[in-house]
Amino acid sequence: MSADRAPAAARRRLGSDAAASGADAALELGVLGPFQVLAAGTPLQLPRQPLALLAALVLRAGEVVASDTLIESLWQGSAPASASSVLRLYVSQLRSVLPPQRLFTERPGYRLRVEAGELDSGRFEALLEGGRRALAAGNPRLARSLYLRALGLWRGEEALSDLRSLPFARDEAWRLDELRLECWEARFDAGLRLGDRGEPVADLERLVAEHPVRERLRGLLMLALYRAERQSDALECFRAGRAVLVETLGLEPGPELRELERRILVHDPALAAPAARDPTGRRAPGPHTRTIGRERELGRLREQLLDARTRLVTLVGPGGIGKTRLAVELARALDEELADGSVFVDLAPLVDPAQVMQAIGRSLGLREDPDAGWPEVIGEHLRTRELLLVVDNFEHLVDGAGMIASLLDAAPLLTVLATSRRVLRLAAEHVFDVEPLSAGDARELLAARVAASGVNVDAGDGTIAEIAARLEGMPLAIELAAPWFRSRSSGDLLKLLDSRLDALDRGSRDGPDRHRAMRTAIDWSFALLGPEAQHLFGRAALFRASFDSAAMLEVGGPDAEAADLDELVEASIVKRSGDSFELLEVVRQYGRELPAAETGRCLHAAYFLRLAETAEPELAGADQGHWLELLEASHDDLRAALDWFDTHGEPAPALRLASALGRFWYIRGYLSDGLDRLERAVTAAPDADPLLTANALRTASALGVLRGDYPRARVLVEQALVLYRELADAPGIVRSLSNLGAILHAQGEHGSAAETLDECIAAAEKLGEPRLIALARNNRGDVALSLGELDVAAAQFEQSLALLRKANDVVNVARSLYNLGAVAMSQGSPARAAGLLVEALDLSGSVDDKEDVAWCVLALAGVAARTSRRREGAVVLGFGRSFLGRIGATLKPFEQRLHDETHAALAVALDTAELEELLATGAAMSDLEAIALARSIGA
């Protein structure tokens with residue numbers, strides 16, 4: 001990554017060299033590898049001697065270098081009599097290829113002007129120094145990022161590799177090579193401080209072999225080997241280093257290296273890798289356009305957010321003032337400075353303050369816990385994390401702001417950045433009023449956005465300045481105004497804007513003055529649309545998330561055309577991103593006030609009902625991953641459709657939609673919301689089609705099973721079974737019996753469960769539905785496994801797996817593989833179990849089926865406990881228990897027994913204190929790191 005692409009905070013830290021290193025620089029000078037010169041992106045082709053002359057001037061850029069010094073540098077004491085004339089010729093050649101005003105004749109020689117950031121070694125050293133400061137400040141995550149960017153600037157193993165025969169180049173090359181080695185050392189130091197384990201060993205071994213007397217490198221390798229559970233290798237590394245030092249330098253190792261050897265010998269707990277921070281979570285979206293202005297605000301807010309005394313900052317201002325843009329830029333700038341970065345939460349789609357915590361939890365990558373509320377789950381997750389939580393668009397949910405205060409109490413290292421049109425009125429709140437852009441920035445933004453639409457204007461033009469002033473520095477108003485320069489002159493636009501100023505004088509009754517300017521801008525842009533596009537604007541505003549053109553045209557109604565959507569895009573009312581479209585929230589709110597929005601709500605609800613019913617059967621097929629992601633992306637719209645059906649007296653469609661979403665809610669863990677909506681839909685539609693009611697009851701029962709609410713789930717599935725029997729619906733009977741068998745099993749009624757599932761299998765085989773047979777056999781195998789009937793269980797799972805592979809049902813193939821792995825482990829074959837469990841883990845992860853991932857991780861911990869990898873098994877067990885709690889799943893009978901047996905085996909092999917420490921380490925691990933560790937057990 002070049003320095004100009006570094007986060008804003010890092011650019012300020014690195015100074016002018018890094019800040020000015022963008023693509024606009026006329027020269028790019030490279031010494032970190034073969035000497036390289038690019039002018040306007042094109043390499044300069046020069047003979048060796050003029051190229052060497054340029055290198056000598058580059059290495060003393062800004063200084064006057066005497067002609068005699070340059071002659072000595074080029075000819076090394078063997079200069080011809082004509083050397084002065086030849087030097088002048090070389091200078092002339094250089095001037096012919098360099099940009100103007102670069103190479104100057106100044107007595108007693110020549111001076112080369114190099115702009116800040118043009119020389120790669122300057123950028124490298126600025127990044128290296130930034131890393132040193134970050135490491136000294138206790139921020140190894142930022143330090144490692146800066147070191148990696150610095151190392152990425154190198155184009156070879158040696159600086160000036162093609163000119164090292166020249167003394168002037170050799171000395172500088174040696175200096176840079178030494179700095180590069182220091183950078184490698186510091187990069188590994190930062191990584192080990194972050195918890196790197198065995199990953200850096202190979203690179204460190206190579207570097208130590210190349211530089212055997214560097215004690216810092218050897219110490220880092222010793223620590224990496226120790227953390228990779230290679231204590232003997234770490235001690236041998238010390239002994240080899242001591243021998244080299246004594247033989248080569250006649251010196252003993254220094255005190256730091258000797259102390260490290262002692263700590264390795266005694267297994268000093270402080271040498272253990274620190275718990276890695278969980279990198280999961282929703283990051284701030286990258287802006288589609290360059291941010292103009294706001295440097296002062298970004299600087300002030302960055303300092304404020306990094307001040308430990310500040311816990312909550314609220315960016316307050318009217319819609320369209322740029323609060324979200326400012327928050328996104330801050331999140332990106334601080335992502336590398338805080339140990340756990342930033343997480344972005346968009347509250348705009350929500351309608352109920354009670355949903356705020358769920359939205360935060362989802363953005364953090366968490367799942368609901370049936371035994372604890374969202375505040376407890378989130379608070380526990382954030383308790384030891386240093387993180388910036390950005391909550392965007394809070395103004396319509398301020399009644400739920402107290403939840404933010406509870407999070408701040410639970411998580412002492414958490415900082416919250418909120419955007420809102422209203423103050424949250426919390427004790428910890430620091431209010432930051434976001435003001436309009438300055439006059440100069442407003443002109444620059446308007447000129448840039450007009451240029452982006454294909455029209456060149458001068459930011460200094462008086463009319464442009466007046467239009468920007470009339471728009472009062474409101475970024476969104478400027479964004480909306482700019483595209484109309486394609487069809488109107490600036491003078492005409494100024495007159496049109498003049499005719500709209502009465503609206504600003506009158507204002508809106510429910511908004512501040514600045515909000516009236518925003519409404520004026522949207523009114524103005526809306527008036528320039530054709531009537532068909534105006535109608536489609538109201539329909540587009542109904543979407544809570546992004547949408548594609550097909551969805552837009554369906555919700556738009558029979559008269560909607562693609563050209564109308566194109567007109568909305570051209571007017572910057574709708575934004576295009578690839579094949580999808582979206583609206584800014586303030587524009588969406590305006591559009592929902594239009595008559596077309598109210599008349600289109602039924603079409604919106606009907607579209608998403610069709611989407612859910614189309615997706616439902618696909619969730620068991622080969623493309624289930626695609627359909628799961630599609631429903632996830634549309635979830636806010638699907639919930640809005642359910643709400644519309646509920647409030648408009650449409651219980652039958654509400655029941656159809658809730659029933660169709662059941663499997664999605666099950667896999668993705670929307671347990672409480674899904675269960676409540678299904679039960680509410682059944683209650684609201686007593687006269688609905690009995691088959692539809694039965695399907696909803698059965699689906700609700702499955703959600704209850706996953707939550708561990710077996711009594712409630714049993715009542716629901718028994719009600720469904722009664723209806724299916726009355727309807728003589730064979731598939732429904734089979735599915736209900738399968739669910740009922742699983743519930744009876746979980747409640748300890750193994751005999752009844754076996755009988756129910758045997759009946760289920762017989763009915764499924766009579767029906768001839770392979771997938772239903774497979775699921776029933778999986779549940780029957782679960783019962784046999786719990787009873788210790790391992791051969792019966794294996795047979796059931798094998799038959800199930802064969803059927804599910806043919807159906808390409810990834811979710812349930814993974815479940816069958818896990819079940820077979822459990823049997824293999826119970827049969828005393830941990831190696832075979834490990835292979836099956838790793839395959840199951842990979843498949844479960846591919847569709848984000850977190851419940852099956854949890855079972856596989858726990859089972860692999862069991863494998864480790866039965867082999868020599870007990871310490872890793874304890875770490876994985878600790879993670880698995882924590883992970884289960886976060887996703888809201890409960891241990892089923894076999895899994896409970898497996899967990900207890902694993903814990904008991906580890907308790908015998910490890911002392912109590914070590915076991916508890918390893919379990920705690922696993923509980924604090926990131927998902928990616930822990931799952932990778934679990935997978936390595938079966939590798």
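Residue indices begin from 1 for each chain and proceed along its sequence in written order. For a predicted model such as this one, the threshold for reporting local features is a pLDDT of at least 70, and the threshold for listing and counting side-chain atom pairs is 80 or more; totals across whole chains, interfaces and linings nevertheless cover every residue. Here the side-chain values reflect all heavy atoms present in the structure, with hydrogen atoms and water set aside.

Chemist: Account for the overall build of the protein, with residues named and values stated.
Modeler: When helices and strands are tallied, the protein shows 45 helices and 14 strands. The 939 residues of the protein split such that 54% are buried. Here, residues are in contact when the closest pair of their heavy atoms is within 4.5 Å. Sequence separation of at least 24 residues holds for 70% of the intrachain contacts in the protein that already meet a minimum separation of 6. Just so you have it, the protein exposes about 38800 Å², and 50% of that area is on carbon and sulfur atoms. Both charge centroids of the protein, one from 107 positive and one from 138 negative side chains, sit 3 Å from each other. Under the scheme used here, helices are H or I runs from DSSP no shorter than 4 residues and strands are E runs no shorter than 2 residues, and both carry numbers assigned from the N terminus. Remark: exposure states derive from per-residue accessible area (1.4 Å probe, protein chains only) relative to the maximum for the residue type, with buried under 20%, exposed over 50%, and partly exposed in between. Reported accessibility uses the Shrake-Rupley method at a 1.4 Å probe radius. Residues are deemed covered only where the shown protein chains occlude them. We count Lys and Arg on the positive side and Asp and Glu on the negative side, and we leave His and both chain ends out. To locate a charge, take NZ of a lysine, CZ of an arginine, CG of an aspartate or CD of a glutamate.

Chemist: So what about the confidence of the model for the protein? Which residues, and what values?
Modeler: Scored between 0 and 100, pLDDT is the confidence that the predictor attaches to each residue. Residues of the protein with pLDDT of at least 70 account for 91%, and the chain-wide mean is 84. Ignoring residues within four places in sequence, the model shows residues 1-25, a span with pLDDT below 50, making 44 contacts including any to other chains. pLDDT under 50 marks residues 499-517. Its contacts with residues more than four places away, or in other chains, come to 27 contacts.

Chemist: Talk me through the sheet that holds strand 14 (residues 580-582); I want residue IDs and the actual numbers.
Modeler: On the basis of which strands lie adjacent, the open sheet formed by three strands has the order 12-14-13 and antiparallel pairing. Of all the strands in the sheet, the pair left with one neighbour each is strand 12 (547-548) and strand 13 (575-577). Whether two strands pair depends on DSSP finding at least two bridges between them. Sheet topology places strand 13 next to strand 14; three bridges connect them, and they run antiparallel. In the sheet register, Ser577 faces strand 14, and the bridge partner there is Ser580.

Chemist: Tell me about the sheet that holds strand 5 (residues 103-106), and please be specific about residues and values.
Modeler: Spatially, 4-6-5 is the arrangement adopted by the three strands of the open sheet, whose pairing is antiparallel. Sheet topology places strand 4 (64-66) and strand 5 at the edges, where each strand pairs with a single neighbour. The sheet shows a mean angle of 30 degrees between the axes of neighbouring strands, direction not considered. As judged from the three bridges shared by strand 4 and strand 6 (residues 109-112), these two strands associate in the antiparallel manner. In the sheet register, Val64 faces strand 6, and the bridge partner there is Arg111. Fitting a line to C-alpha atoms yields each axis, with helices limited to the stretch in contact; the angle taken between N-to-C directions then spans 0 to 180 degrees.

Chemist: Requested: an account of the packing of helix 32 (residues 671-684) against helix 33 (residues 690-707), with residues and values cited.
Modeler: Closest axis-to-axis distance for the helix 32/helix 33 pair is 9 Å, and the angle between their directions is 155 degrees. With respect to helix 33, the element helix 32 is oriented roughly antiparallel. When you trace helix 32 past helix 33, the crossing you get is left-handed. Seen from helix 32, the contacting residues are Leu671, Ser672, Gly674, Leu675, Leu678 and Val682; seen from helix 33, they are Thr693, Ala696, Leu697, Thr699, Ala700, Leu703, Gly704, Leu706 and Arg707. Polarity classes work like this: nonpolar for Ala, Val, Leu, Ile, Met, Phe, Trp, Tyr, Cys and Pro, charged for Asp, Glu, Lys and Arg, and polar for all others, with Gly in that last group. Grouping the constituent residues of the contact of helix 32 with helix 33 by class yields nine nonpolar, five polar and one charged. Angles are sorted into four bins: roughly parallel if under 35 degrees, roughly antiparallel if over 145, roughly perpendicular if 65 to 115, and oblique for all others. Two helices that cross are described as forming a left-handed crossing if the nearer one is turned anticlockwise from the farther one by less than a right angle, and a right-handed crossing if clockwise.

Chemist: Lay out helix 41 (residues 850-865) with the relevant residues and their values.
Modeler: A helix is expected to span 1.5 Å multiplied by its residue count minus one. An ideal rise of 1.5 Å per residue puts 22 Å on 16 residues; helix 41 measures up with 23 Å between its terminal C-alpha atoms. Counting buried residues along helix 41, 16 of its 16 residues qualify, which places the element largely inside the surrounding structure.

Chemist: Describe the nonpolar core, listing the residues and the values that go with them.
Modeler: Note on terminology: a nonpolar core comprises buried Ala, Val, Leu, Ile, Met, Phe, Trp, Tyr and Cys residues joined through side-chain atoms within 4.5 Å. One finds Phe537 and Val574 to be the most contacted residues of the largest nonpolar core, which totals 135 residues. The dominant element in this core, judged by the number of residues it contributes, is helix 31 (residues 651-668), at nine residues. In this structure, Leu46, Trp184, Ala190 and Tyr226 belong to the second largest nonpolar core, which totals 80 residues.

Chemist: Lay out the pattern of salt bridges in plain terms, naming residues and giving numbers.
Modeler: Any Lys or Arg side-chain nitrogen located within 4 Å of an Asp or Glu carboxyl oxygen qualifies as a salt bridge. Taken as a whole, this structure holds 58 salt bridges when the rule is applied. Measuring nitrogen to oxygen at the nearest pair gives 2.8 Å for the salt bridge that ties Glu182 to Arg132. Here Arg132 lies in helix 6 (residues 120-136) and Glu182 lies in helix 8 (residues 167-194), a separation of 50 residues in the sequence. Overall, Glu182 belongs to the partly exposed group, its relative accessible area being 21%. In this structure, Arg294 and Glu297 form a salt bridge, with 3.0 Å as the shortest nitrogen-oxygen distance. Taken together, the salt bridges that share partners define one network made up of Glu178, Glu185, Asp189, Arg193, Arg214 and Arg216.

Chemist: Break down unusual backbone geometry for me, with residues and values.
Modeler: At the junction of Arg107 and Pro108, the peptide bond is cis and its omega measures out at 5 degrees in the coordinates. Tracing the chain through its elements places Pro108 in the loop between strand 5 and strand 6. If you check the backbone angles, Asn393 has positive phi at about 65 degrees while not being a glycine. Inspection of the secondary structure assignment puts Asn393 in the loop between strand 9 (387-392) and helix 17 (402-410). The backbone of Asn808 shows a phi angle near 55 degrees, a positive value even though the residue is not glycine. Position of Asn808 among the secondary structure elements: in the loop between helix 38 (790-807) and helix 39 (810-826).

Chemist: An account of a nonpolar patch on the surface is requested, with residue identities and associated values reported.
Modeler: The patch calculation keeps residues exceeding 30% relative accessible area without a salt bridge and links them within 9 Å when they carry like charges or within 5 Å when they are nonpolar (Val, Leu, Ile, Met, Phe, Trp, Tyr). A surface patch of nonpolar side chains, amounting to about 250 Å² of accessible area, comprises Val213, Leu249 and Leu251. Here Val213 shows up in the loop between helix 9 (201-210) and helix 10 (215-227).

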